[in-house]
Amino acid sequence: MDEIANNCLRPPALEVEVHPLIAGRWSPRAFADKPVETEKLRSLFEAARWAPSSYNEQPWRFWVATREDPEALERLQSYLTEGNAWAKSAPVLVLSAYRTHRERDGRPNRVALRDLGAAEQNMAIQAFAMGLVMHQMEGFDRERAKRELLPEGFEPGTMSAIGYLADPETLPERLRERELRPRTRKPLGEIVFPLSGASPALAG
Ligand SMILES: Cc1cc2nc3c(=O)[nH]c(=O)nc-3n(C[C@H](O)[C@H](O)[C@H](O)COP(=O)(O)O)c2cc1C
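This brings us to a nonpolar patch on the surface. Nonpolar side chains collect at one region of the surface, where Leu14, Val18 and Ile22 lie side by side and expose about 240 Å² of accessible area between them. Inspection of the secondary structure assignment puts Val18 in the loop between α1 (2-7) and α2 (20-24).

This part takes up the packing of aromatic side chains. How two aromatic rings sit relative to each other is set out by the distance from centre to centre and by the angle between their planes. For the structure shown, the criterion picks out two aromatic pairs. Here Phe45 and Phe62 contribute two aromatic rings whose centre-to-centre distance is 5.4 Å and whose plane-to-plane angle is 50°, an arrangement assigned as tilted. Of this pair, Phe45 sits in helix α3 (residues 38-49) while Phe62 is found in strand β1 (residues 60-66), placing the two residues 17 residues apart along the sequence. In this structure, Arg104 is placed above the aromatic ring of Tyr55, and the distance from its NZ or CZ to the ring centre is 3.8 Å.

Bringing the side chain of Glu57 into the picture now. For Glu57, the position within the fold is in the loop between α3 and β1. Here Glu57 is buried and forms no salt bridge, its nearest opposite-charge partner Arg104 lying at an N-O distance of 4.6 Å. Separated by 2.8 Å, the side chain of Glu57 and the backbone nitrogen of Glu103 make a polar contact. Among residues more than four places away in sequence, those in contact with Glu57 are Arg102, Glu103, Arg104 and Asn109.

The subject of this paragraph is the layout of surface pockets. To find leftover empty space, one rolls a probe the size of a water molecule over the atoms. Here the largest pocket is characterised by a volume of approximately 470 Å³. Along the wall of the largest pocket there are 16 residues; nearest its centre are Pro12, Ala13, Leu14, Glu15 and Arg185. Among the elements of the structure, α2 and α8 (188-191) are those that each provide at least two residues to the lining of the largest pocket. In terms of residue class, the lining of the largest pocket is made up of ten nonpolar, one polar and five charged. If you add up the space inside the second largest pocket, you get close to 310 Å³. Here the residues of the lining of the second largest pocket sort into one nonpolar, three polar and seven charged.

Moving on to the pairing of strand β3 (residues 133-137). Note on strand geometry: in a regular strand, side chains alternate between the two faces of the sheet. With four of its five residues buried, β3 lies for the most part within the structure. With five bridges connecting them, β3 and strand β4 (residues 154-163) associate as antiparallel partners. Looking across to β4, one finds that Val133 is bridged to Gly163.

Our next topic: the confidence of the model for the protein. Residue-level pLDDT values for the protein average 95, and 97% of them are 70 or greater. Confidence, read as mean pLDDT per element, is least for α1 in the protein (64) and greatest for strand β2 (residues 92-99) (99).

Bringing the site of the ligand into the picture now. Taken together, 14 residues are adjacent to the ligand, and Ser27, His135, Glu138, Arg183 and Arg185 come closest. Within the contact set of the ligand, a nitrogen atom lies 2.8 Å away from a side-chain nitrogen or oxygen of His135. The side chain of Arg185 places a nitrogen or oxygen atom 2.8 Å from an oxygen atom of the ligand. About the coverage of the ligand: the protein hides 64% of its 620 Å² of free accessible area.

Attention shifts here to the sheet that holds β1. Reading across the sheet, the four strands line up as β1-β2-β4-β3 and stay open at both edges, with antiparallel pairing between neighbours. Two strands bound the open sheet, and with one partner strand each, they are β1 and β3. The mean inter-strand angle of the sheet, taken between neighbouring strand axes irrespective of direction, is 25°. Most of the contacts of helix α6 (residues 142-149) go to β4, to which it runs at about 100°, and overall it touches β1, β2 and β4.

The rules we used
- Residues numbered from 1 in each chain as written.
- Predicted model: local features only at pLDDT ≥ 70, side-chain atom pairs only at ≥ 80, totals over all residues.
- Heavy atoms only, no water.
- Patch = residues over 30% accessible without salt bridge, like charges linked within 9 Å, V, L, I, M, F, W, Y side chains within 5 Å.
- Areas by Shrake-Rupley, 256 points an atom, 1.4 Å probe, with all protein chains shown as cover.
- Salt bridge = Lys/Arg side-chain N within 4 Å of Asp/Glu carboxyl O.
- Helix = DSSP H or I, 4+ residues; strand = E, 2+ residues; numbered from the N terminus.
- Phe/Tyr/Trp six-rings, centres within 6.5 Å; stacked < 30°, edge-to-face > 60°.
- Lys NZ or Arg CZ within 6 Å of the ring centre and 35° of its normal.
- Buried < 20%, exposed > 50% of the residue type's maximum accessible area, 1.4 Å probe, protein only.
- Lys, Arg positive; Asp, Glu negative; His and termini not counted.
- Polar contact = N/O pair within 3.5 Å; in protein donor to acceptor, adjacent residues only side chain to side chain.
- Contact = heavy atoms within 4.5 Å.
- 1 Å grid on protein atoms, 1.4 Å probe; cavity = no way out; pocket = protein on both sides within 12 Å on 5 of 7 lines; lining within 4 Å.
- Points joined across faces, edges and corners; volume = space filled by probe spheres on them.
- Nonpolar A, V, L, I, M, F, W, Y, C, P; charged D, E, K, R; others polar.
- Pairing = 2+ DSSP bridges.
- pLDDT = per-residue confidence, 0-100.
- Near = heavy atom within 4 Å.
- Axes fitted to C-alpha atoms, helices over the stretch in contact; angles between N-to-C directions.

The following block contains the structure:
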């Protein structure tokens with residue numbers, strides 16, 4: 001649990017207790033100049049592998065580049081938008097994608113992106129449990145990533161920056177302020193609705 005405590009710079013204001021891994025996970029922008037051990041990286045994809053998916057189709061795929069292969073890492077970095085340039089300090093970048101049609105019958109898989117999201121959340125939680133951090137991004141050149149890297153029948157999902165957390169002081173001013181801002185969420189009352197008065201009042 002020490003790893004979780006060390007990485008949990010921004011504990012949320014919880015309405016109800018949840019597991020420290022869920023409460024503590026967040027999306028930092030400051031990455032330490034330290035590589036990620038291959039075994040830990042493998043654990044992340046093992047975690048992704050065991051996510052639930054519709055018909056167990058497992059439509060998720062991941063393209064990975066680490067600092068050990070600077071050319072590959074630069075290639076993934078080149079897809080990032082200007083707003084996500086901070087992610088260039090991460091020692092690992094991952095491009096995720098999903099299969100658009102089901103393998104079992106060739107029909108469109110309406111929940112493939114949702115299944116990919118579940119796999120990525122498994123990765124983020126596993127990362128946090130091992131003392132790593134992971135930050136997902138939608139801001140990248142999807143068309144170019146698709147054209148240059150993905151096989152036929154796949155659509156890009158997100159890019160993720162993975163690594164060890166660094167001191168927020170290492171960030172430029174504007175990003176440092178965002179890095180330290182309290183994390184917020186909509187209240188339970190805005191997202192959960194009892195169907196009738198006989199249902200328990202879950203929103204408190
Ligand atoms: C699908 C997805 C796309 C995201 N895209 C970006 C992005 O392009 N740039 C960025 O800085 N953060 C991005 N984020 C991070 C969110 O801004 C962040 O998860 C949200 O503000 C909640 O903060 P927390 O993860 O620290 O709890 C993305 C998150 C998700 C799940």
